[in-house]
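Summary of structural features
Each chain, letter by letter, is given below.
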Amino acid sequence: MKQKRHWYHYLWIWSIIYFSLGFVNILFAWLGLISFCLPLIFAIVGGNKLFCNRYCDRGQFLRVMGSQVGLSLRREMPDWLKGKAFRYGFMIFFFAMFFNIIYVSWLVGSEIQSLQDVVTVLWSLQLPWNWTYSAGVTPWVAQFAFGLYSLMLTSEVIAIVAMLIYKPRSWCVFCPMGTLTQTICKAKFKE
Amino acid sequence: MAKLSPRHAVVNREICVACGTCVDVCPMEAMQIVQGSFASPLEEKCVGCGMCAKECPASAIKVEVRS
């Protein structure tokens with residue numbers, strides 16, 4: 001039986017648009033905050049994971065590439081990757097990196113540190129990205145954009161590798177936003 | 001009362017990450033996410049086809065014979 005298609009099944013296009021826009025002008029990286037705010041709003045206000053379930057562009061992208069295009073090897077994930085220790089550990093690490101981006105942006109805004117127009121993938125590989133920065137904004141705004149784009153690109157790379165080796169939406173198992181929103185929902189409905 | 005299928009999906013709530021993959025792939029629209037916390041099949045709709053178990057990235061779903 002063929003499943004019904006809904007408009008949100010095409011949200012994978014947003015992933016491609018987002019990374020393309022950031023390639024042209026790094027300031028578009030700010031749009032990545034949508035993927036931080038919407039799941040939290042759904043979880044805090046609605047007590048649900050509707051963003052993960054339907055509207056996550058990355059989830060839809062992984063589904064299309066893994067299931068429809070057939071790029072996934074569909075192996076079983078090792079237990080440690082599915083375990084709570086890794087899930088919560090990765091969530092803490094991920095948000096520590098996010099707050100570090102805010103801190104570095106503050107340093108640049110305070111003129112303690114100068115703007116670094118590089119995109120860092122997997123926290124180590126620095127890619128020069130100086131063609132994308134359009135002058136005209138305060139340096140901290142650009143610095144935050146570089147940082148957020150780095151974080152989004154890094155997590156996208158991890159998500160794609162997980163999709164290729166394991167099942168299509170394996171990233172969702174240890175996605176920091178997914179772990180956080182599930183924790184919020186569980187806390188909300190805890191009696 | 002509708003006759004229940006002899007097999008059905010069983011979700012391990014401790015492992016389930018409520019990603020919604022099972023909801024998306026279920027041909028019977030039998031899966032639902034409860035309180036943003038875990039997936040749960042609607043017993044009267046689930047036919048135990050195993051699509052959800054096959055796609056679940058966390059391997060939180062098994063198909064079992066109804067007791």
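Residue indices begin from 1 for each chain and proceed along its sequence in written order. As a convention, the first chain written is A and the first ligand written is 1, with the rest following in written order. Only residues with pLDDT of at least 70 get local features here, since the model is predicted, and only at 80 or more are side-chain atom pairs given and counted; chain-wide, interface and lining totals rely on the full set of residues. As a convention, hydrogens and water are excluded, and side-chain values are obtained from all of the structure's heavy atoms.

On to empty space enclosed by the protein. With a 1 Å grid spanning the protein atoms alone, the term cavity applies to any set of points in which a 1.4 Å probe fits but cannot get out, the term pocket to an open set with protein on both sides within 12 Å along at least five of seven lines, and the term lining residue to any residue with an atom within 4 Å of a point. Grid points are joined across faces, edges and corners, and a volume is the space filled by probe spheres set on the points. What the rule picks out here adds up to 4 cavities of 30 Å³ or more. If you add up the space inside the largest cavity, you get close to 330 Å³. If you trace the largest cavity, you find 28 residues lining it, with S35, C56, R58, W171 and C175 of chain A closest to the centre. Where the lining of the largest cavity is concerned, the elements lending two or more residues are helix 1 (12-24), helix 2 (34-46), helix 3 (50-55), helix 4 (57-68), helix 7 (139-165), helix 8 (171-174) and helix 9 (176-189) of chain A. Here the second largest cavity defines a volume of roughly 90 Å³. Residue lining of the second largest cavity: 14 residues in total, with C16, C19, C22, C56 and I61 of chain B positioned closest to the centre. Each helix is a run of DSSP H or I of at least 4 residues and each strand a run of E of at least 2, with the numbering of both proceeding from the N terminus.

Moving on to the confidence of the model for chain A. Scored between 0 and 100, pLDDT is the confidence that the predictor attaches to each residue. The predicted model of chain A has a mean per-residue pLDDT of 93, with 96% of residues at 70 or higher. Ranking the helices and strands of chain A by mean pLDDT puts helix 8 of chain A first, with 97, and strand 2 (residues 125-128) of chain A last, with 84.

Turning our eyes to something else, we now look at the pairing of strand 1 (residues 118-121) of chain A. Residues and elements named next belong to chain A. Here strand 1 shows one buried face, formed by V119 and V121, and one open face, formed by V118 and T120. At least two DSSP bridges between two strands are required for those strands to pair. Note: strand 1 against strand 2, 4 bridges, orientation antiparallel. For T120, the partnering residue across the bridge sits in strand 2 and is Q126. Hairpin remark: strand 1 followed by strand 2, antiparallel, with 3 residues in the connecting loop; positive phi at L122, about 55°. Only protein chains enter the accessibility calculation, which uses a 1.4 Å probe; a residue is then buried when its area is under 20% of its type maximum, exposed when over 50%, and partly exposed in between.

All right, on to helix 2 of chain A then. Residue and element names in this part refer to chain A. Taking 1.5 Å of rise per residue, the 13 residues of helix 2 would be expected to cover 18 Å, and the 17 Å separating its terminal C-alpha atoms lies within 8% of that figure. Within the span of helix 2, buried status applies to S35, F36, P39 and A43. In a view along the axis of helix 2, the buried residues occupy a sector of 110°, so they form one face of it. In this structure, the buried residues of helix 2 make contact with helix 3, helix 4, helix 6 (84-109), helix 7 and helix 9. The first or second residue beyond helix 2 is G47, which carries a positive phi of 65°. The span one expects for a helix is its residue count, reduced by one, times 1.5 Å. In this description, the arc belongs to the directions extending from the helix axis to the C-beta atoms. Between two residues, a contact is recorded if the distance between any of their heavy atoms is within 4.5 Å.

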